Amino acid sequence: MIFTGSSPGTVWVPGFLSAIRLRPSGLAPKLQSDYAEVQSWSSVDTHERHFKIQPGDDAAVNTSLLTADTSIHRILDLKLLAGSFKHSTENQWSLLVTRSYAARVFPGQDPVGKVIHDIPTFSSEPTPYEITGLIEDLPYNSHLRAEAIRFKASKPEVLSNTGFMTFGHNYILLKPGTDIEAFTSKVNAWYTRFMNNNGREQFEFQPMKDIYLHSDFASGQSVKANIRTIYIFAGVALLLLFIACVNFVNLSTAKAFARVKEAGVRKVLSGSRTQLVMQLLTETLLLFGISVGIAVFAYYFTLELVENFLDHRLMLTFTSNAAMAGGAVIMFFLTGLLTGLYPAWIISGFKPANTLRGMFTVSLGQTGLRKTLVVAQFSISVIVLLATIVVWQQLDLMKNKALGYDKKNLIGIEQISWNGKGEAFKNELHRIPGVVHSSLSMWMPTEGGGYMQRNVDDPAQAGRHIRVWYIAGDVDLPVTLGLKLVKGRMFSDRFADALNADSLRKANPEQFENAQMNQNSLMTATAAKMLRIKQLDAHAKIASSAPVGVVGDFHNESLYEPMKPTLILAQKAPEYAGMLIRIQPNTEKQVTAGVQKLWNRFFPEKLLRINNIEDQLTRQYEAESKLHDLFLFFSGLTMFLSALGIFGLVVQAAEQRAKEVGIRKVLGASVAGIVGLISKDFVKLVVVAIVLASPLAWYALQQWLKNYPYRTEISWWVFAVAGVVVVAVTVGTVSFQAIRAATADPIRSLRNE
């Protein structure tokens, strides 16, 4: 099964089975016709549609779709259960539905042959879809998740190297044995010659299986993840296991004096060291087995909570995958053996004569290994705590950084076809109490960098190019967004700023292109600086427009991307656009209700999708938010385990020094002095851990932050806070037991002397 996604200008290849999402829609068919390596191709894209199963239904079924050509079954390994892959008519969409979707929507019925209608977004009337086939559910462990596939026969676009062209997501299937590197070189060399672009655009190949986790250029790919995140949490999981093992080793060796006499007696009675080691290892494995049983029980009942937190199902689990279960069993035995071997070897290594006389407590009480392990586990705690703070700082920066426009009190209607009613709808909209400004916009926050991008020559360096982004909307777009004017003027109805693009495009495409290249524009300060625009109200060839004003820089994409030089063009009531609505504070509910009533009057058949822009912007950083939540959990867990381990060591130290404490109290030592005596050794170890962990954490977090164009600074106070927290936890843990030891009756500890 192959599935892919990409961004413009990218080619995806999974071994010989490959797919591409390309800039020009005509590239894939061109490759198939010119290169024997290409076996087949299909356009594939993801959408959501709302379907009414029966014409009179009030509710609609939200359906995730793949849109593809009829050749899709040659690209994807689809298992047909009923019907066929053929489309029904040239003028009607055909639909393949999955088994689970059919069971949900058509329980107990054969869906093949049924016709359902969508709630239109762009068309003026509902579109009929005939279900022509039933297929097995698509694998969930794919970046293309869908409940249905819609297809329609389409004529391949002819690739052109002049003028405008459409863009699409085209997937190709390569023949077995294709040399990917050689094929890449041939395609890029040919494309450079064909486009005469001096190699400015190159196609990169990537194994299909790597798309979900390893794609660094999957712009617009809704289902994706980052392998770095998995490495981070796999590392944290291993560190947690390490801390638990450290606690076991420390507590086992600390409690060893309770077993060495037993070991001495067994040796006197002819027991061998090997027998003692095997006995102690067996006890360790039994203890670990009980722990694993509890862990499996907890894993089974918390798996659904984890999936809900991640917002998707886990395809590979210990309860469903034999390889993972086998790996867990192997890890259980290896961990048990490696962890239990050292205490068993120590306990079984004492001479019987010494153990029976009690000559072992000093050597067992203060070993260098135990101190090293304490430093190691607290170093891990410090690193995880520092990571939690820095991830929170980065998340806070991304959520609250000034974007250059006012994201508050801004709502948006997702892009639709207005059917010539956009301007009238906008006029009526302003009758709703709470509406301040509105704009028909071909760009919406979180939906890409603009409707067009161009490479222009860099005035500062010959042979270099600058990519400029274009945003279009009506003349009210800048004021609705809240852009700040730096120089010149904003768009206005008093000037010929807005182009009647839709009408002109239909009537005379060539005239439209010329008019668009000469119309008035606004540009960001960065664009004006990079393009060296100094004169306004004059045509600038490099900008393909006449700038009339300069506005402050704003982020037209998420903060995962650097600031882009951007130009804004005005269009009269664009036909295909969204709508941005600036409202008064605390009026969102009333305005939304008013918009819904107005929508039902203008577009009774269309689906209204309205969103709070600030909420949409925040949802862009959901991955960082979850990362912070998980680090917060892991930080608390590592701190708890470290404190638990050191608590056990303090208990043991207090028991071993009970007589010393008793003598000191008899000689007049204070409680505070005794608490300090017991605590100082452990606090020293924690301070050493902080000193060692801080530079390691700083380096690792600096590497992680390099993934972000806009990143937080790791200040000194971050290390100070982490150090204070860890020392406070240590002192609190140690003091609890130390105070008990210091306040104990000295007569009880000295009774045997």
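## Side note on the pattern of salt bridges
Under the definition given, this model contains 16 salt bridges. Residue R431 is joined to E428 by a salt bridge in which the shortest nitrogen-to-oxygen separation is 3.4 Å. Here the residues in one salt-bridge network are K426, D474 and D476, joined through shared partners.

## With respect to a nonpolar patch on the surface
A contiguous nonpolar patch, built from W392, W716, W717, V721 and V725 and spanning about 530 Å² of accessible area, is present on the exposed surface. Relative to the helices and strands, W392 resides in helix α12 (residues 368-400). Residue classification places W392 among the partly exposed residues on the basis of a relative accessible area of 43%.

## Examining unusual backbone geometry
As a rule of thumb, non-glycine residues mostly have phi less than zero, and peptide bonds are mostly trans rather than cis. With a phi angle near 80°, T446 is a residue other than glycine that sits in the positive phi range. Summarising the element assignment, T446 is placed in the loop between β12 (435-441) and β13 (452-457). Classification of T446 by relative accessible area gives partly exposed; the value is 31%. Notably, D537 is not glycine yet its phi reads approximately 60°, a positive angle. In this fold, D537 is placed in the loop between α17 (525-530) and β18 (546-551). Looking at D537, the relative accessible area reads 56%, which means it is exposed.

## Remarks on the side chain of S71
Looking at the secondary structure, you find S71 in the loop between β4 (61-68) and α2 (72-75). There is a polar contact of 2.8 Å between the side chain of S71 and the backbone oxygen of W41. Residue contacts for S71: discarding those within four places in its chain leaves W41 and S42.

## Some thoughts on the packing of helix α13 (residues 422-429) against helix α18 (residues 588-602)
Axis separation between α13 and α18 bottoms out at 11 Å; the angle between their running directions is 145°. Classified by chirality, the crossing of α18 by α13 is right-handed. Only V595, L598, W599, R601 and F602 of α18 make contact with α13, whose side of the interface consists of A424, F425, E428 and L429. A breakdown of the residues in the contact of α13 with α18 according to their chemical character gives 7 nonpolar, no polar and 2 charged.

## So, the packing of aromatic side chains
Here a ring pair, both rings aromatic, is described through the centre-centre distance and the interplanar angle of the planes. Taken as a whole and assessed by the stated rule, the structure comprises 27 aromatic pairs. Between the aromatic rings of F233 and F631, the centroid separation amounts to 5.6 Å while the plane-to-plane angle is 40°, which identifies the pairing as tilted. With a gap of 398 residues between them, F233 in helix α6 (residues 227-254) and F631 in helix α20 (residues 622-656) connect regions that are remote in the sequence. Classification of F233 by relative accessible area gives buried; the value is 15%. An aromatic cluster of at least three residues, connected via ring pairs, comprises Y35, F183, W190, Y191 and F194. Sitting over the ring of W93, R150 keeps its end group 4.4 Å from the ring centre. The lysine or arginine in question, K401, covers the ring of Y710, its NZ or CZ lying 4.8 Å from the ring centre.

## Notes on the nonpolar core
Y405, L481 and V726 are the most contacted members of the largest nonpolar core, which has 69 residues in total. Residues in contact with V726, not counting those within four places in the same chain, are F378, V382, L385, M639, V686 and I690. Counting residues in hydrophobic clusters, the runner-up holds 22 residues, among them L429, V435, M442 and I583.

## Looking at helix α4 (residues 180-195)
Residues three or four positions apart in an α-helix share a direction because the helix packs 3.6 residues into each turn. Over its 16 residues, α4 runs 22 Å from end to end, which matches the ideal 22 Å to within 8%, given 1.5 Å per residue. Considered for burial, the residues of α4 that qualify are F183, T184, V187, N188, W190, Y191, T192 and M195. Against α1 (27-34), β3 (38-52) and β10 (170-174) lie the buried residues of α4. The opening residue of α4, the one whose side-chain oxygen lies 3.1 Å from the backbone nitrogen of E181, is D179.

## Some points on the confidence of the model for the chain
Looking at the chain, pLDDT values average 81 and 83% of them are 70 or higher. Per-residue pLDDT stays below 50 along residues 1-17; that stretch engages in 93 contacts with residues further than four places along the chain or on separate chains. This model gives residues 361-366 a pLDDT under 50, and the stretch forms 13 contacts once residues within four places in sequence are excluded.

Calculation notes
- Residues numbered from 1 in each chain as written.
- Predicted model: local features only at pLDDT ≥ 70, side-chain atom pairs only at ≥ 80, totals over all residues.
- Heavy atoms only, no water.
- Salt bridge = Lys/Arg side-chain N within 4 Å of Asp/Glu carboxyl O.
- Patch = residues over 30% accessible without salt bridge, like charges linked within 9 Å, V, L, I, M, F, W, Y side chains within 5 Å.
- Areas by Shrake-Rupley, 256 points an atom, 1.4 Å probe, with all protein chains shown as cover.
- Helix = DSSP H or I, 4+ residues; strand = E, 2+ residues; numbered from the N terminus.
- Buried < 20%, exposed > 50% of the residue type's maximum accessible area, 1.4 Å probe, protein only.
- Polar contact = N/O pair within 3.5 Å; in protein donor to acceptor, adjacent residues only side chain to side chain.
- Contact = heavy atoms within 4.5 Å.
- Axes fitted to C-alpha atoms, helices over the stretch in contact; angles between N-to-C directions.
- Left-handed = near helix turned anticlockwise from the far one by under 90°.
- Nonpolar A, V, L, I, M, F, W, Y, C, P; charged D, E, K, R; others polar.
- Phe/Tyr/Trp six-rings, centres within 6.5 Å; stacked < 30°, edge-to-face > 60°.
- Lys NZ or Arg CZ within 6 Å of the ring centre and 35° of its normal.
- Core = buried A, V, L, I, M, F, W, Y, C linked by side-chain atoms within 4.5 Å.
- Expected span 1.5 Å × (residues − 1).
- pLDDT = per-residue confidence, 0-100.

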